[in-house]
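Close look at the chain arrangement
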Amino acid sequence: MSHPLIHLESLKKVFTTDEIETHALVEVHLDIQRGEFVSIAGPSGCGKSTLLSILGLLDTPTSGTYILNDAPAAGLKLKDRARIRNREIGFIFQSFNLIGDLTVFENVELPLVYRGMPAKERRTRSMEVLEEVGMSHRAKHLPSQLSGGQQQRVAVARALAGRPSILLADEPTGNLDSSNGEAVMELLKGLHQRGSTICMVTHDTRFTKAADRTIHLFDGRIVSEEEARKQHVP
Amino acid sequence: MKALLHQFKASFRGLLRTPSFTLVALLTLALAIGANTAVFSVIKVVFLRPLPFAEPNRLVALYTSDLEKRLPGIRYIPASVPHYLDWKARQQSFSSMAASRPGAVTLTGQGDPERFSSMEVTGDWGSTLGLRAPLGRLIGPQDERDSPVTVLSHGFWKRRFGGDARIIGRSIVLNGQSTTVVGILPANVALKTLRGEADLLTPLVFTPAEIQGSRGIARMDVVARLKPNVNLAQARQSLEGIGRQLQADYPQTQGLGVDAVPLWEFHYGEQRPLLAMLLLAGTLILAIACANVANLMLSRATIRQRETALRRALGGSRLQSLAPFLADALIISLVGACLGLWLASLGSDLLRPLVPAELLSAYRLDLGVLAFSFAVSVLAALICGLAPAFLFTHRALSSQLQEGAKGTGHRPWIRSSLVSLQVALALALSVGFGAIWSSLQKLQRAPIGFSTERALTFPLRLNPRKHPVPDQRERIVQGIVEELSGLSGVQSAGTINLRPIVDNVPFGRSFSLPGREQLSATASLRMVSPRYFETMNIKVLKGRNFTFADYGPNPTSVVINKSLADLFWPGEDPIGKQFNHNWMDGTGGQMTIVGVVANVRLQGPAITANLETIYWPMYHFADAAATNVIVRTTGKPMALVSAVREILRRVDPDLPIPQMRTLEDHLESAMAGTRTQATLLGMMAAIALLLSGSGIFGVMAFSVAQRSREIGIRMALGGSPQRVARDITRQGMLLAALGLGVGILASVLLGRFLASLLYEVSPTDPFIIAVAVMVLGSVSLLASLVPARRAARLDPNQALRNE
């Protein structure tokens, strides 16, 4: 059996403010295989976003092991973490997080700029992914000129542009109405069917069904894991 | 009232919570108000002292106009006695006219004899100027006939007589004659003469010889008061007619007219370019500071956009929602002004050495400038704080409540433009300072034509009453020079009637070549002793130096300088050539050239035009008892002072002991003006650098704070901290580069204000501009790096989470 793309073992995250310790994640064990679509569900404040931040190398665990693509994430320098984020991870945020001063095209090509890719190649790749999400006709628009659903499509295109090993989506439908939300989910499903690995945080049960596996978090712990239509109690 | 107080308390707390904003705003205002006030207080006392006379705008100075431009470089030629009397008799435009001329008196009977500069004035001098004596009276018409009297300047009275009011009516001995002190001049009246400020007034009484005498010997300043119904243009037209009449009546004065200028222009006109430059520099500082304050207030207003919307959503009126901005601006302005006043007071102490000693009593912080700087800065703070807030109150509340937290709706181009403007203005100031400083450096190395090292100099004024015969005076001076030459440690000694650079008095003569009378020119005239050239280290280029044989009652040998030789005998050997010298009234004689010496910059190290000079073999000008001694030493010149005093006392116990200084000292004094300019401009440039640096820092820091979400996104997408820092720095440097580009253009445009103040330096010198660009570029880089580092340290997770 091949090694999982993501391997978490005894992961802990503790926040300390004014001498009060908050255990955001407790003894989390998790493997995500290549090509898998995993959703993480749970009530507000259960640690979903913290887990996603750690998976995306935006945050570091207090203890435990995190191995991404066979490489341990512990002890990485800021510069190396930035490089891995750029090459291995694609982010999709709830609030889209497009840069308002950049056009749709410039937003999409940004990860490729950071990668140092030549302009011509950047252009081809960016237009390809914009085509893929159906937004190539809006390439020269500013984000403020797009609807919420369109902005999230652009965000997906941006996440895809660098051909990452995994897409991390944090409540990607949270800021969208139901029809736009469904459209974005269809897009993610399509990507998954074409082989993308996706890890999505959501509390909308309608969308967890799209995932191969749903992990439920409560008070920082994984309390259950549900494979498509089948529940296991660890 | 209670609500207002509450608002001020809230604003005060808010300002304490944002120490960077508060500190930068306060520092900007304090520096602008403080520096401007301190610098302009110096400018005012040194350059802009108002004329302390009644209705000064009706006072004019009359002067002999050089219609044929025979005396280039001399702006106002003084009047001769016959000319003055004719002007006075023939004019219709003035209610009164008076004359004065510089003099010198020796005070005896009060310890060691002392020499003081004086001003001889006609009896109507005080009434023409509209002056009143605070103690006693001024010189009046009766004094032109009665026994000798004097009026003391306020400073001299305080200095020499301890301000004792009982001096009025007492007699003192001036030039060996008992003279009654009849009054004291007001404290704010300075007796400005070509030789500096005079200490006392004496009556100007014309002798019959002067009245009938030469119209070419011109030493008098003439002042007149316009009649109430006459303006300057009408008076000048009338004077032009008088000038034409006099040329017709006295053909030897052909080419000499009469003209008038406002008295202020006469005294301060030449300083106009300097004033323009300093005023411009001050304005630039104020503009930079205003741009800085404007930027800060704009940023703050943008941040508080959501708060404003919230206040309105909760039912607050538009005025109520503006109250926090008003309170902020007022607190910042008032505290900034107080700090500015404190800085101005510190600055005024620092600048005190720039103020000449005689003006120190009048030197104080100028409240007018303080009020102006304060008003402009406060206005800038209020307008820039309130304007965006006012605009926000016109936008839809819902959009502001949604967008406000993200800071959208702000106008970054305004802030960016303001920063670029600051950099541009700071560059213009820095280039100006660079040019003046470079000019000063070049002046210090200017080839003045003589050596100032190890040279002692002092004026020698014999009492003409005690030594009435010119030959006798000549022998005394010769004896003194001989004795000085024999002193141990003395290399040589010589005399000259007017020392180069030190005695900055135009004194010349026109001359022509025999048989070629159409070729005429004017040259400076200097009377020198035999060893003068040797003592001054002035090179003899051709022919010979003067020998004792050249000295006699009617000398005919002259030495000329290279400029004159090149002008009249280009490519020829002028030795043995003859020329006619003429006074302005046509009298003169014929002289033979025996030597050519190197050029000497007589009027100052920067004056390179009209250097033509004729040297006569005389110890002093025949009619005057005045000369100046130069002693070249082998050791320290000031070590000889007591020996020199001893010789002077022995020769004539009544001889006033003069002030002795080194030539190096004098040269330093001659450059004091440029040094002051360089210091003032340097301070202003430094402040401009600081302000524009803080401006860039403020905008970039604000930008980083506002864009933390964007920076977080960039980092999430793989932007490394270094890359983020580089992007932020590049953004700051782009603003700086734009400002530098505009600044270079501004420097070129503003350079013309500087041109007349510079010596052998172009106001647009590429090297100076390059250095200024580098300095300002470095400051900009530094100011951008700090926020860039802050951006690089941003936690992307935190930045994204906050949104």
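Residues numbered from 1 in each chain as written. Chains lettered and ligands numbered in written order. Predicted model: local features only at pLDDT ≥ 70, side-chain atom pairs only at ≥ 80, totals over all residues. Heavy atoms only, no water.

**Some remarks on the overall build of chain A**
Counted only if it meets this: Secondary structure follows DSSP: runs of H or I at least 4 residues long count as helices, runs of E at least 2 residues long count as strands, and numbering of each begins at the N terminus. Think of it in three bands: residues with accessible area under 20% of the maximum for their type are buried, residues over 50% are exposed, and the middle band is partly exposed, with areas taken using a 1.4 Å probe on protein chains only. Note on contacts: a residue pair qualifies if any of its non-hydrogen atoms lie within 4.5 Å across the two residues. Only the protein chains shown count as cover for residues, with accessible areas throughout obtained via the Shrake-Rupley method and a probe of 1.4 Å.
Along chain A, the regular secondary structure elements total seven helices and eleven strands. The buried share of chain A, reckoned over its 234 residues, is 53%. Within chain A, counting contacts between residues at least 6 apart in sequence, those at least 24 apart form 69% of the total. As displayed, chain A has an accessible area near 11000 Å², and 48% of this comes from carbon and sulfur atoms.

**Describing the overall build of chain B**
Counting its secondary structure elements, chain B contains 24 helices and 24 strands. Within chain B, the fraction of its 803 residues that count as buried is 54%. Within the structure as shown, chain B displays about 34600 Å² of accessible surface, and the carbon and sulfur contribution to it stands at 59%.

**A short note on the environment of Phe 94 of chain B**
Residue and element names in this part refer to chain B. With respect to the helices, strands and loops of the structure, Phe 94 is situated in strand β3 (residues 94-108). Here Phe 94 falls in the buried class, since its relative accessible area comes to 2%. Spatially, the C-alpha atoms of Phe 94 and Asn 229 are 9.8 Å apart, while their sequence positions differ by 135 residues. Beyond its immediate sequence surroundings of up to four residues, Phe 94 is in contact with Val 60, Leu 62, Ala 224, Arg 225, Leu 226, Lys 227, Ala 235 and Leu 239.

**A short note on the packing of helix α15 (residues 470-486) of chain B against helix α18 (residues 641-651) of chain B**
To describe two helices that pack against each other, one gives the angle between their axes and the distance between the axes. All names here are of chain B. We apply this condition: Every angle, taken between N-to-C directions, lies between 0 and 180 degrees, and every axis is a line fitted to C-alpha atoms, over only the stretch in contact when it is a helix. Here a crossing is taken to be left-handed if its near helix is turned anticlockwise relative to the far helix by less than a right angle, and right-handed if that turn runs clockwise.
Relative to each other, α15 and α18 sit at 145°, their axes nearing to 10 Å. For the element pair α15 and α18, the recorded crossing hand is right-handed. Residues Ile 476, Ile 480, Glu 483 and Leu 484 of α15 form the contact with α18, whose participating residues are Val 644, Ile 647, Leu 648, Arg 650 and Val 651.

**Section: empty space enclosed by the protein**
As a reminder, the rule being used: Think of a 1 Å grid over just the protein atoms. A cavity is a set of points where a 1.4 Å probe fits yet cannot get out, a pocket is an open set with protein on both sides within 12 Å along at least five of seven lines, and lining residues have an atom within 4 Å of a point. Grid points are joined across faces, edges and corners, and a volume is the space filled by probe spheres set on the points. By the convention adopted, Pro, Cys, Tyr, Trp, Phe, Met, Ile, Leu, Val and Ala count as nonpolar, Lys, Arg, Asp and Glu as charged, and the other residues, Gly among them, as polar.
Applying the stated criterion across every chain yields a total of four cavities of 30 Å³ or more. In this structure, the largest cavity encloses a volume near 140 Å³. Taken together, 15 residues make up the lining of the largest cavity; nearest its centre are Leu 280, Ala 428, Gly 432, Leu 750 and Leu 754 of chain B. When residues of the lining of the largest cavity are traced back to their parent elements, those giving at least two are α9 (272-303), α14 (412-444) and α22 (721-755) of chain B. In terms of residues, the lining of the largest cavity owes the most to one element, α22 of chain B, which gives five residues. In the lining of the largest cavity, the residues fall into twelve nonpolar, three polar and no charged. If you trace the second largest cavity, you find it lined by Arg 85, Asn 86, Ile 89, Gly 90, Phe 91, Pro 111, Arg 158, Ala 159, Gly 162 and Pro 164 of chain A together with Ala 716 and Leu 717 of chain B. At the level of elements, α2 (78-88), β6 (89-92) and α5 (148-161) of chain A are the ones that each hand at least two residues to the lining of the second largest cavity. Considering each element in turn, the lining of the second largest cavity owes the most residues, three residues, to β6 of chain A. In terms of residue class, the lining of the second largest cavity is made up of seven nonpolar, three polar and two charged.

**Some points on the environment of Leu 298 of chain B**
Mapped onto the secondary structure, Leu 298 of chain B falls in helix α9. Residues Leu 298 of chain B and Ala 387 of chain B, spaced 89 residues apart in sequence, show a C-alpha to C-alpha distance of 8.4 Å.

**Re the interface of chain A and chain B**
Put simply, an interface is often sized by how much accessible area is lost when its parts join up. The condition that has to hold: Buried area: the accessible area, evaluated with a 1.4 Å probe, that two parts lose upon being put together, summed over both parts. The rule for a salt bridge is simple: a side-chain nitrogen of Lys or Arg has to be within 4 Å of a carboxyl oxygen of Asp or Glu. We define a polar contact as two N or O atoms separated by no more than 3.5 Å, with the added condition that, inside protein, one atom must be a possible hydrogen donor and the other a possible acceptor, whereas residues neighbouring each other in sequence contribute only through side-chain atom pairs.
The partner chain B presents 19 residues to the 21 residues of chain A that form the contact. Of the roughly 1800 Å² buried between chain A and chain B, counting both surfaces, carbon and sulfur atoms make up 58%. The tally of links from chain A across to chain B stands at zero salt bridges. If you look at where chain A meets chain B, you find seven residue pairs in polar contact (both at pLDDT 80 or more). Contributions of two or more residues to the side of chain A that touches chain B are made by α1 (48-55), α2 and α3 (104-115) of chain A. Grouping the amino acids of the side of chain A that touches chain B by side-chain chemistry returns 13 nonpolar, four polar and four charged.

**Examining the pairing of strand β7 (residues 166-170) of chain A**
All names here are of chain A. Condition: Paired strands, as defined in this entry, are two strands with at least two bridges between them according to DSSP. Consider the strands pointing away from the viewer: the crossover is right-handed when the path from the first strand over the helix to the second runs clockwise.
Most of β7 is tucked away, with five of its five residues classed as buried. The two faces of β7 match: Ile 166, Leu 168 and Asp 170 on one face and Leu 167 and Ala 169 on the other face are all buried. Inspection of the sheet shows β7 paired to strand β8 (residues 198-201) by four bridges, in the parallel sense. What sits directly across from Leu 167, in β8, is Ile 198. Once you follow β7 into helix α6 (residues 178-193) and on to β8, the crossover reads as right-handed.

**Some remarks on the nonpolar core**
All names here are of chain B. Let me state the cut-off plainly: For our purposes a nonpolar core is just a set of buried Ala, Val, Leu, Ile, Met, Phe, Trp, Tyr and Cys residues, chained together by side-chain atoms within 4.5 Å. An automatic or database domain assignment supplies the start and end points of every domain.
If you look at the biggest cluster of nonpolar residues, it comprises 65 residues, and the most contacted ones within it are Met 277, Leu 429, Ile 436, Met 684 and Ile 728. Going through the elements one at a time, α2 (19-47), α9, α14, α20 (672-706), α21 (708-716), α22 and α23 (766-792) are the ones with two or more residues in this core. The biggest single contributor to this core is α20, with twelve residues. Residues lining this core come from more than one domain, with at least three contributed by each of domain 1 (1-52 + 272-410) and domain 3 (412-446 + 669-803). In contact with Ile 436, not counting residues within four places along its chain, are Met 277, Thr 674, Gln 677, Ala 678, Leu 681, Leu 754, Leu 757 and Leu 758.

**What about the packing of α5 of chain A against α6 of chain A?**
Residue and element names in this part refer to chain A. Our working definition: In these notes the angle categories are as follows: under 35 degrees is roughly parallel, over 145 is roughly antiparallel, 65 to 115 is roughly perpendicular, and the rest is oblique.
Close contact between α5 and α6 brings their axes to 9 Å; oriented N to C, the two are set at 20°. Between α5 and α6, the crossing angle belongs to the class labelled roughly parallel. The interaxial crossing formed by α5 with α6 has right-handed handedness. Here Gly 149, Gln 152, Arg 153, Val 156 and Leu 160 of α5 lie close against α6, whose contacting residues are Asn 180, Ala 183, Val 184, Leu 187 and Leu 191. Taken together, the residues of the contact of α5 with α6 break down into six nonpolar, three polar and one charged.

**Here's the deal with the sheet that holds strand β5 (residues 71-72) of chain A**
All names here are of chain A. One open sheet accounts for four strands, arranged β2-β1-β4-β5; its pairing is antiparallel. With one partner strand each, in any of the chains shown, β2 (20-32) and β5 form the two edges of the open sheet. For strand β1 (residues 6-17) and strand β4 (residues 63-68), the ladder comprises five bridges, and the chain directions are antiparallel. Counterpart to His 7 in the pairing with β4 is Ile 67. Sheet contacts for α1: β1, β2 and β4; angle to β1, the most-contacted strand, approximately 120°.

**Some remarks on the pattern of salt bridges**
All names here are of chain A. Counted according to the given criterion, the structure contains 28 salt bridges over all chains. Glu 182 is the partner of Arg 206 in a salt bridge, and the nearest nitrogen-oxygen pair spans 3.4 Å. Here the residue Arg 206 occupies a position in helix α7 (residues 205-208), and Glu 182 occupies one in helix α6, the gap between them amounting to 24 residues. According to the relative accessible area criterion, Arg 206 is partly exposed, its value standing at 41%.

**Regarding a nonpolar patch on the surface**
Residue and element names in this part refer to chain B. What counts is decided by this rule: Only residues whose relative accessible area exceeds 30% and that form no salt bridge are eligible for patches; like-charged ones are grouped when within 9 Å, while nonpolar side chains (Val, Leu, Ile, Met, Phe, Trp, Tyr) are grouped when within 5 Å.
Together, Val 335, Leu 339, Trp 342 and Leu 346 make up an exposed nonpolar region whose accessible area comes to about 360 Å². With respect to the helices and strands, the residue Leu 339 is situated in helix α11 (residues 318-351). A relative accessible area of 33% means that Leu 339 is categorised as partly exposed.

**What about the side chain of Glu 36 of chain A?**
Residues and elements named next belong to chain A. Residue placement: Glu 36 occurs in the loop between β2 and β3 (37-41). For Glu 36, a relative accessible area of 12% corresponds to the buried category. Looking at Glu 36, its side chain comes within polar contact range of the main-chain nitrogen of Gln 33, at 2.8 Å. Within the structure, the side chain of Glu 36 is placed 2.6 Å from the side chain of Arg 213, a separation counted as a polar contact.

**Structural notes on the confidence of the model for chain A**
Note the cut-off: Each residue gets a pLDDT score, which is the predictor's confidence in that residue and runs from 0 to 100.
Put simply, chain A has an average pLDDT of 88, and 96% of its residues get 70 or more. Confidence drops under pLDDT 50 across residues 230-234 of chain A; counting only partners more than four residues distant or on other chains, this segment forms ten contacts.

**Comments concerning the confidence of the model for chain B**
Scored by pLDDT, chain B comes out at a mean of 82, with 88% of its residues at no less than 70. This stretch, residues 403-410 of chain B, has a pLDDT under 50; its non-local contacts, to residues over four places away or in other chains, come to 16 contacts.

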